[in-house]
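Summary of the model geometry
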Amino acid sequence: MKNNDNPIVSEADGFTFRRREFLGMLTGVAAVAAMAGPSALMAKVKDNGGMLRVGAAANPSSMDPATGGSGSDHIFLFPVFATLVEWEYDTLAPRPGLAESWEFPKPETLILNLRQGVKFHDGTRLDAEAVKFNLDRNRSDSRSNIRSDLASVESVEVTGDYQVTVHLKNPDTSLPLVLSDRAGMMVSPTALEKLGEDHDRNPVGAGPMKFVEWNDGDRIILERNPEFWDQERPLVDGITFRIITDSATRLRSVRSGQNDLAYHLDGRQKAMIERGGGVEGTYGPTVYCYQIYLNHASGPLSNAKVRQALNHAINREALVRASMRGAGEPAYMNLPSSHWAYDAKVAELYPHDPEKARKLLAEAGYPDGIELDMRGYNDQGSVQRQEIIMGMLADAGIRGRFTTGTISDMSAAYFARGEGDFLVSAWTGRPDPSLTYALLYAGDSYFNAGKVAPPEGLMEAIRESRSTDDLEERKQAFSTIQRIVMENALVVPLAFREDIMASAPKVRNLQTNLLGKPKFENVYLQG
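Residues numbered from 1 in each chain as written. Predicted model: local features only at pLDDT ≥ 70, side-chain atom pairs only at ≥ 80, totals over all residues. Heavy atoms only, no water.

**Thoughts on helix α9 (residues 267-274)**
All buried positions along α9 are accounted for by G267, R268, Q269, K270 and I273. Summarising the contacts, the buried residues of α9 are in contact with α8 (247-255), β14 (280-284), α11 (316-324), α13 (380-395) and β21 (499-503). G276 lies just past α9 and shows a positive phi near 95 degrees. (Buried < 20%, exposed > 50% of the residue type's maximum accessible area, 1.4 Å probe, protein only. Helix = DSSP H or I, 4+ residues; strand = E, 2+ residues; numbered from the N terminus. Contact = heavy atoms within 4.5 Å.)

**A look at the pattern of salt bridges**
Under the counting rule described, the total for this entry stands at 29 salt bridges. When the shortest N-O distance is used, the salt bridge between D73 and R182 registers 3.1 Å. Of the two residues, D73 is situated in the loop between β3 (51-56) and α4 (74-80) and R182 in the loop between α6 (175-178) and α7 (189-195); the sequence distance between them amounts to 109 residues. Note on D73: relative accessible area 0%, which makes it buried. (Salt bridge = Lys/Arg side-chain N within 4 Å of Asp/Glu carboxyl O.)

**Thoughts on the pairing of strand β18 (residues 398-405)**
Here strand β17 (residues 370-377) pairs with β18 via 8 bridges, running parallel. By the bridge assignment for β18, E371 is matched with R399. The parallel pair β17 and β18 is bridged by α13, and the resulting crossover is right-handed. (Pairing = 2+ DSSP bridges. Right-handed = clockwise from strand over helix to strand, strands pointing away.)

**Describing the pairing of strand β8 (residues 153-160)**
Where β8 and strand β9 (residues 163-168) come together, 6 bridges link them in antiparallel fashion. When the bridges of β9 are listed, V156 appears paired with V166. Counted between consecutive antiparallel strands, the loop separating β8 from β9 contains 2 residues.

**Description of the environment of P330**
Secondary-structure assignment places P330 in strand β16 (residues 328-330). Here P330 falls in the partly exposed class, since its relative accessible area comes to 22%. As for P330 and Y290, which are separated by 40 residues in sequence, their C-alpha atoms are 9.5 Å apart. With near-sequence residues (within four places) excluded, P330 lies in contact with R316, E317, V320, L494, A495 and F496.

**What to know about the packing of helix α16 (residues 458-466) against helix α17 (residues 471-487)**
Between α16 and α17, the least distance of the axes is 8 Å, while the angle of their chain directions is 160 degrees. For the element pair α16 / α17, the angle class is roughly antiparallel. In the crossing of α16 with α17, the sense of the turn from one axis to the other is left-handed. Contacts between α16 and α17 pair L458, A461, I462, E464 and S465 from the former with R474, A477, F478, T480, I481, I484 and V485 from the latter. Grouping the constituent residues of the contact of α16 with α17 by class yields 8 nonpolar, 2 polar and 2 charged. (Axes fitted to C-alpha atoms, helices over the stretch in contact; angles between N-to-C directions. Parallel < 35°, antiparallel > 145°, perpendicular 65-115°, else oblique. Left-handed = near helix turned anticlockwise from the far one by under 90°. Nonpolar A, V, L, I, M, F, W, Y, C, P; charged D, E, K, R; others polar.)

**Observations regarding helix α5 (residues 128-140)**
Taking 1.5 Å of rise per residue, the 13 residues of α5 would be expected to cover 18 Å, and the 18 Å separating its terminal C-alpha atoms lies within 8% of that figure. Taken together, the buried positions of α5 are A128, A130, V131, N134, L135, D136, R137 and N138. Looking at the buried positions of α5, the neighbouring elements they touch are β7 (109-114), β8, β9 and α7. (Expected span 1.5 Å × (residues − 1).)

Shown next as structure tokens:
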């Protein structure tokens, strides 16, 4: 089975080979190329090309990074849109992207030095003016769902053909990693001005893949961008994503040869992968957190004691065993225990205690319990998880029925239109944890369905976490953040899932990353 622990033999030109995969390539002409050096070997791999066929977990909400609202969109966005900053798979540490380098000459100023010669897929030059256009749009456009990502930005200034200076309202050391996510995905200004809202479905970026086609709920087709700035990527001719929302069906599609790989598989599929049958598994830890989003603008959930009752009602260990076959970690906050900012004391706030939950409901004025409008998704794994949750809540006097639908439909209904009291979904994580907390709990954030003002001290603590790059000082700030969030029960964290992917033997260099959002930039096909 594949994992992320295989020793690295060679790391050159931004591309890594695992020992087993590297030796497997040393046959025939490839062996001759290898003798000429790593770049020659990579050129041979790239020449092999081929179309990578991927079983995708969800239909995207939008193919524009600013207007989408689903965390599962990233898998489609990463190939199309190059980012100003990239990150390391295992640590989420920032590394150069479209910005070759950056610096903070003073705490409220960030200077980005851009790569020269980069073009968008439509031929538009990616220069400082294009970057300013994107950053201004992302932080101010009425359709942008990522305005809060750039809330610390006061203004953006072009200070050279390939240099942008970002002036900040307050120090923000998280900004480089913020620019590795949606806010740093660069869209062609020419295409956006021409297409307007139609860009949602016809994206034009500067990434390793060009957009070709999107058949809603069926497939998305991308093709290699031969002018991508990093000539070692991508290593396949294109990607065809087939939308298959049921995880068991996604796995079967790989076994049958319909797809080359499938991602976001559930714990119950892990045992099936490990039995063999012509597929290989790739696994890794993630910050991907299943949770119950709470709309506490009105009704019973506006009372903190009711929200605390929900947290006490959930037996997280049992949920991981029953719905994830143990392939996960119980979640007591928005960060897993392996994260540097995790606070073990906060994790003690909500032991499973149905009687305590009932007592809290009575104190809140609901001695006979409450009934909630519950929302969730309609794939098999989600339905099973919802049934288990509903049973646990019922034991504490919390009743209701689930309305279910696709990820994109239910997410839009809950977050954009404010329908339902709560949504069982997931938070897919962000490279810097301050962005996670700002996006989830800021008053104007898309993911704060009720647009409720955050508790006193929360935003100040988030700003404090961004005011320094000293890890211990940041950790203290995050302890405050996590305690405020969980004492006020702004969310019901459930479990962190293990990243589980299945692939055909010909798929090489498939890697998980800590975000749990696979990138396929270094994947190649053998045979």
